[in-house]
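# Structure assessment
Take a look at the letters that make up each chain.
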Amino acid sequence: QVQLVESGGGLVQPGGSLRLSCAASGFTFGSYGMGWFRQAPGKERVFVAAISWIANTYYADSVKGRFTISRDNAKNTVYLEMDSLKPDDTAVYYCATRSRNSTVGYSHPGGYAYWGQGTQVTVSS
């Protein structure tokens, strides 16, 4: 079955960096787009970044220029490099797999079929 396992979260000071990883299994990873979303306490889950199966990338305005999404198809892994972190970036970060033949935009959670369990990122001094 499909499994998505996030790792790399933790506590970091403002201005610091973290790299999140999402290890995928149970499907042909290289044929699917992948996304990262985040959810802060008491708020809705929101789009962060996505990468298509041909490595086109998409970013939320709030992270553009600070975060970089990438994928390694040989390792079935998608990454989220986060630089210049701010306290507002504090959230649980989730990776997700695009639904086959989805026509919903990359920023919409409804376009994703499978989700990981999430990893906590806390930005605080």
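Just above, that's the structure.
In this report, we go over the structure that sits alongside the text. This is a predicted model, so every value here is computed, not measured. Starting afresh in each chain, residues are numbered from 1 along the sequence in its written order. With the structure being a predicted model, the display of local features is reserved for residues of pLDDT at least 70 and the display and counting of side-chain atom pairs for 80 or more, all residues being used for whole-chain, interface and lining totals. To obtain the side-chain values, all non-hydrogen atoms of the structure were included, while hydrogens and water were left out.

Looking now at the environment of Arg-71. By the criteria applied, helices consist of DSSP H or I runs no shorter than four residues and strands consist of E runs no shorter than two, each listed in order from the N terminus. Of note, Arg-71 is situated in strand 7 (residues 67-72). Remark: exposure states derive from per-residue accessible area (1.4 Å probe, protein chains only) relative to the maximum for the residue type, with buried under 20%, exposed over 50%, and partly exposed in between. Of the residues examined, Arg-71 reaches a relative accessible area of 15% and is grouped as buried. Residues Arg-71 and Ile-51 lie 20 residues apart in sequence; the distance between their C-alpha atoms is 7.7 Å. In what follows, a contact means two residues having at least one pair of non-hydrogen atoms within 4.5 Å. If near-sequence neighbours (up to four positions away) are discounted, Arg-71 is found in contact with Phe-29, Gly-30, Tyr-32, Gly-33, Met-34, Ile-51, Ser-52, Trp-53, Thr-77 and Val-78. We define a polar contact as two N or O atoms separated by no more than 3.5 Å, with the added condition that, inside protein, one atom must be a possible hydrogen donor and the other a possible acceptor, whereas residues neighbouring each other in sequence contribute only through side-chain atom pairs. Side-chain polar atoms of Arg-71 contact the backbone oxygen of Phe-29, separated by 2.7 Å. Polar side-chain contacts of Arg-71 include one of 2.9 Å to the side chain of Asn-73.

Grouped together as the largest cluster of nonpolar side chains are 32 residues, with contacts concentrated most on Trp-36, Leu-80, Met-82 and Tyr-93. For this core, the secondary structure elements donating two or more residues are strand 3 (18-25), strand 4 (34-39), strand 5 (46-51), strand 7, strand 8 (77-82), strand 9 (91-98) and strand 11 (119-123). The greatest single-element share of this core, amounting to five residues, is contributed by strand 5. The criterion is simple. A nonpolar core is a set of buried Ala, Val, Leu, Ile, Met, Phe, Trp, Tyr and Cys residues joined through side-chain atoms within 4.5 Å.

All right, on to the sheet that holds strand 1 (residues 3-7) then. We treat two strands as partners when DSSP finds at least two bridges between them. Pairing in this open sheet of four strands is antiparallel, and the strands run 1-3-8-7 from one edge to the other. Strands at the two margins of the open sheet, each flanked by one partner only, are strand 1 and strand 7. Between one strand axis and the next, the sheet turns by 15° as a mean value, whatever way the strands run. Of the pairings in the sheet, the one linking strand 1 to strand 3 comprises five bridges and is antiparallel in character. Each residue of the ladder has a partner; that of Ser-7, found in strand 3, is Ser-21. Lines fitted to the C-alpha atoms define the axes, with helices restricted to the stretch that makes contact. Angles between their N-to-C directions range from 0 to 180 degrees.

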